[in-house]
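Analysis of the macromolecular model
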Amino acid sequence: MPHLKGYPLVLVRYPDGIDGKFFYQKEAPPSRPDWLPTVEVASKGKRKSIRYCLVEDAADLLFLINLGCIEIHPWLSKTDALDHPTSMVFDLDPHESQSFQTVVEVALLLKSVLDTFGLTAYPKTSGASGMHIYVPVGDGYDYQTVRKCAVTIAKFIEAVDPRVTLVRPIRDRGNRLYLDCWQIGRGKTVAGVYSLRPVPGAPVSTPLLWSEVNRALQPKAFTMQTIFERLHRMGDLFRPVLEQKNDLAPLTKH
């Protein structure tokens, strides 16, 4: 819940279970209870504004679960600073022909590049076949600046590793891993930390220690059945994402 509080939420609802039809929902349900917190955000689309759901306490989260919401996708910015993301996020999405070992190797390469700029990053499983790498950023950086910094790093990775592409259209990616840095934008989202994913086994998008990002890493091991024991044993490994702020000055000069 600390990772949802204050962020507008995009809901992915499965009213008939994971084998049924699903839909993304931005607009808060009109039948919502009066106590559910929401925020109205100006929109560039057909609607002048969209009213997003928020989660401030357990009752709010349970209401969303009761809607059949399995995945929760928070914005990268909070309601009090909608144009300023709190993290730079890289989404490592492998081609179906690639093993998870490729994801591990690209993640470690990405970490080494971030290290050279003095940036501290935090990895998590996506809950699917890839990984998400979060770099918390200081106050005051707008989406354009943060995305520009991410693209600079991602283009370097693409240049040195032929297994990686930044090309967005799926048909043009070939059999390469898609290093997605384009989700850094107002209203764009990825599955949040600890979000369930709608596939058999109920995998959870789980924070990792960098020491765990190795050949032995098996993302399917992190599920709804195992996450609580891990939390009890290791605590919230993503807590620093809420508290630490990286300075992007070394990157903005490039």
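Up top is the structure these notes are about.
This section reports on the structure supplied with the text. Since the model is a prediction, treat every value here as computed from it, not as a measurement.

1. Observations regarding the sheet that holds strand E9 (residues 164-165)
Taken together, the 5 strands give an open sheet; going across it, the order is E7-E8-E6-E10-E9, and neighbouring strands pair in mixed fashion. One side of each edge strand has no neighbouring strand; the edge strands of this open sheet are strand E7 (122-125) and E9. Here strand E6 (residues 87-93) runs beside strand E8 (residues 131-136); their pairing, made up of 6 bridges, is antiparallel. If you follow Met88 over to E8, its bridge partner there is Val135. Here helix H2 (residues 100-116) sits on the sheet and contacts E6, E8, E9 and strand E10 (177-180); the angle it forms with E8, its principal contact strand, is near 15°. In the packing of helix H3 (residues 143-160) onto the sheet, contacts are made with E6, E9 and E10, and the angle to E6 comes to roughly 35°.

2. Here's the deal with the environment of Asp91
Assignment of secondary structure puts Asp91 in strand E6. What makes Asp91 buried here is its relative accessible area of 17%. Separated by 34 residues in the primary sequence, Asp91 and Thr125 have C-alpha atoms spaced 9.8 Å apart. With residues up to four places along the chain from it excluded, the contact list for Asp91 reads Met131, His132, Tyr178, Leu179, Asp180 and Val190.

3. So, the nonpolar core
Among the nonpolar cores identified, the biggest contains 56 residues, and Met88, Phe90, Leu92, Leu114, Met131, Ile133 and Leu179 are the most heavily contacted of them. Counting residues per element, the ones that place at least two in this core are strand E3 (38-42), strand E4 (49-53), E6, H2, E8, H3 and E10. Aside from chain neighbours lying at most four places away, what touches Met88 is Ile133, Tyr134, Val135, Val137, Val146, Cys149, Ala150, Ile184, Leu248 and Leu251. The next biggest cluster of nonpolar side chains, apart from the first, holds 13 residues, and it includes Leu4, Leu11, Leu36 and Leu64.

4. Some thoughts on the side chain of His73
For His73, the location among the structural elements is in strand E5 (residues 69-74). Residue class for His73 comes out buried when judged on its relative accessible area of 8%. With sequence-adjacent residues up to four places away left out, His73 is seen in contact with Pro8, Leu9, Val10, Val12, Tyr24, Thr189, Val190, Ala191 and Gly192.

5. Digging into the environment of Ala59
Along the chain, Ala59 turns up in helix H1 (residues 58-66). For Ala59, a relative accessible area of 38% gives the class partly exposed. Separated by 179 residues in sequence, Ala59 and Phe238 place their C-alpha atoms 23 Å apart.

6. Section: the packing of H2 against H3
Running from N to C, H2 and H3 cross one another at 125°; their axes reach a closest spacing of 10 Å. Between H2 and H3, the angle falls in the class oblique. For the pair H2 and H3, the crossing hand works out as right-handed. Contacts from Val106, Leu109, Leu110, Val113 and Leu114 of H2 reach H3 at Ile153, Phe156, Ile157 and Val160. Considering only residue class, the contact of H2 with H3 consists of 9 nonpolar, no polar and no charged.

How each quantity is defined
Residues numbered from 1 in each chain as written. Predicted model: local features only at pLDDT ≥ 70, side-chain atom pairs only at ≥ 80, totals over all residues. Heavy atoms only, no water. Pairing = 2+ DSSP bridges. Helix = DSSP H or I, 4+ residues; strand = E, 2+ residues; numbered from the N terminus. Contact = heavy atoms within 4.5 Å. Axes fitted to C-alpha atoms, helices over the stretch in contact; angles between N-to-C directions. Buried < 20%, exposed > 50% of the residue type's maximum accessible area, 1.4 Å probe, protein only. Core = buried A, V, L, I, M, F, W, Y, C linked by side-chain atoms within 4.5 Å. Parallel < 35°, antiparallel > 145°, perpendicular 65-115°, else oblique. Left-handed = near helix turned anticlockwise from the far one by under 90°. Nonpolar A, V, L, I, M, F, W, Y, C, P; charged D, E, K, R; others polar.

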